[in-house]
Amino acid sequence: SQELEQSPQSLIVQEGKNLTINCTSSKTLYGLYWYKQKYGEGLIFLMMLQKGGEEKSHEKITAKLDEKKQQSSLHITASQPSHAGIYLCGAARIQGAQKLVFGQGTRLTINP
Amino acid sequence: NAGVMQNPRHLVRRRGQEARLRCSPMKGHSHVYWYRQLPEEGLKFMVYLQKENIIDESGMPKERFSAEFPKEGPSILRIQQVVRGDSAAYFCASSPDSGANVLTFGAGSRLTVL
């Protein structure tokens, strides 16, 4: 089983709708990272969360960290075609360490 | 300031040949990480290197795979005697000395083994 489980694995939404992607860890988190990957390209860093209850936003994307539940959610408001891609959560397993483990990704499709 | 540069972007090899993938980290970064992404799967950690040192190779297959990050030049991931199962996207990431955990990724090298 995956150390980081993402749900859903794929998501199709109508342009303009809101959506949420979840990431749940089976082990202690020392930092949770969200990346976006477009097909055939590398990963683009979105946000880093380090403290329980922390919430960060960038444009229409908001990420939250629930440290007790070892979960993070990524919420997109008023989705646009540019939001399409694969969203990956990554976690540090050792405090201060730079090595990350990743979830299997959530493939987001935006229908016009 | 160029990002993480990987080359080649695409590489085709026949079974039994060798594949060499190169990664130049961002300027000022001395920590390099290699990840592998198999089709329809997430990223799997392979190896973490600093200049001239392998820090963590817990994700490297025991045979045929090796990595180095010399004092001068790019980091190299080498796969000897490739097999079809080695076909994947190989991503390199780098981070600075400061201990910040944000990894900057390259665009990846896609290896196809015929």
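Refer to the structure presented above.
Residues numbered from 1 in each chain as written. Chains lettered and ligands numbered in written order. Predicted model: local features only at pLDDT ≥ 70, side-chain atom pairs only at ≥ 80, totals over all residues. Heavy atoms only, no water.

What follows covers the interface of chain B and chain A. Between chain B and chain A, the contact holds 26 residues from the first and 20 residues from the second. Interface area, chain B with chain A, both sides summed: about 1700 Å², of which 49% is carbon and sulfur. Linking chain B with chain A are 1 salt bridge. Here Lys99 of chain A and Asp56 of chain B are joined by a salt bridge, their closest N and O atoms 3.1 Å apart. (Contact = heavy atoms within 4.5 Å. Buried area = accessible area lost by both parts, 1.4 Å probe. Salt bridge = Lys/Arg side-chain N within 4 Å of Asp/Glu carboxyl O.)

Take the sheet that holds strand S1 (residues 5-7) of chain B next. Residues and elements named next belong to chain B. If you walk across this open sheet you meet the 4 strands as S1-S3-S8-S7, and the pairing is antiparallel. On the outer flanks of this sheet lie S1 and strand S7 (65-68), each paired with one strand and no other. In this sheet, neighbouring strand axes are inclined to one another by 15 degrees on average, regardless of whether the strands run parallel or antiparallel. Pairing between S1 and strand S3 (residues 19-24): 3 bridges, direction antiparallel. Its bridge partner being in S3, Asn7 is matched across the sheet by Arg22. (Pairing = 2+ DSSP bridges. Helix = DSSP H or I, 4+ residues; strand = E, 2+ residues; numbered from the N terminus. Axes fitted to C-alpha atoms, helices over the stretch in contact; angles between N-to-C directions.)

Let's shift gears to the pairing of strand S2 (residues 10-14) of chain A. Every other side chain in a regular strand lies on the same face of the sheet, so the side chains alternate between the two faces. Residues and elements named next belong to chain A. Of the two faces of S2, only the one carrying Leu11 and Val13 is buried; Ser10, Ile12 and Gln14 on the other face are not. Note that S2 and strand S11 (residues 106-111) share 5 bridges and pair parallel. From the neighbouring strand, Ile12 faces S11, where its bridge partner is Thr109. (Buried < 20%, exposed > 50% of the residue type's maximum accessible area, 1.4 Å probe, protein only.)

Another aspect to go through is the sheet that holds strand S3 (residues 19-25) of chain A. Residue and element names in this part refer to chain A. The antiparallel open sheet is built from 5 strands, whose spatial order is S1-S3-S8-S7-S6. The strands lining the two open edges of the sheet, one partner per strand, are strand S1 (4-7) and strand S6 (55-58). Across the sheet, the axes of successive neighbouring strands diverge by a mean angle of 15 degrees, strand direction being ignored.

So, about the state of the cysteines. Residues and elements named next belong to chain A. Tallied over the entire structure, the rule returns 2 disulfides over all chains. With its sulfur 2.0 Å from that of its partner, Cys23 forms a disulfide with Cys89. Between Cys23 and Cys89 the sulfur-sulfur dihedral comes to about 75 degrees; the bridge is accordingly right-handed. With Cys23 in strand S3 and Cys89 in strand S9 (residues 85-92), this pair connects stretches of sequence that are 66 residues apart. Given a relative accessible area of 1%, Cys23 falls into the buried group. Judged by relative accessible area, which is 0%, Cys89 ranks as buried. (Disulfide = S-S within 2.5 Å.)

All names here are of chain A. Its place among the elements puts Leu4 in strand S1. Since its relative accessible area comes to 0%, Leu4 is described here as buried. Put simply, Leu4 and Gln37 are 33 residues apart on the chain and 17 Å apart in space, counted from C-alpha to C-alpha. Residues contacting Leu4, with those up to four places away along its chain left out, are Cys23, Thr24, Ser25, Leu29, Cys89, Gly90, Ala91, Arg93, Val101, Phe102, Gly103 and Gln104.

The subject of this paragraph is the packing of aromatic side chains. What the rule picks out here adds up to 8 aromatic pairs over all chains. A centroid spacing of 5.7 Å and a plane angle of 70 degrees characterise the contact between Tyr35 of chain A and Phe45 of chain A, whose relative ring orientation is edge-to-face. One end of the pair, Tyr35 of chain A, is in strand S4 (residues 32-37); the other, Phe45 of chain A, is in strand S5 (residues 43-49), with 10 residues separating them in the sequence. Aromatic pair Tyr35 of chain B and Phe45 of chain B: ring centres 5.8 Å apart, planes at 75 degrees, arrangement edge-to-face. Within this pair, whereas Tyr35 of chain B is found in strand S4 (residues 29-37), its partner Phe45 of chain B is found in strand S5 (residues 43-50), the two being separated by 10 residues in sequence. A relative accessible area of 0% means that Tyr35 of chain B is categorised as buried. By the ring-pair criterion, three or more aromatic residues cluster together here, those being Tyr35, Phe45 and Phe102 of chain A together with Tyr35, Phe45 and Phe105 of chain B. (Phe/Tyr/Trp six-rings, centres within 6.5 Å; stacked < 30°, edge-to-face > 60°.)

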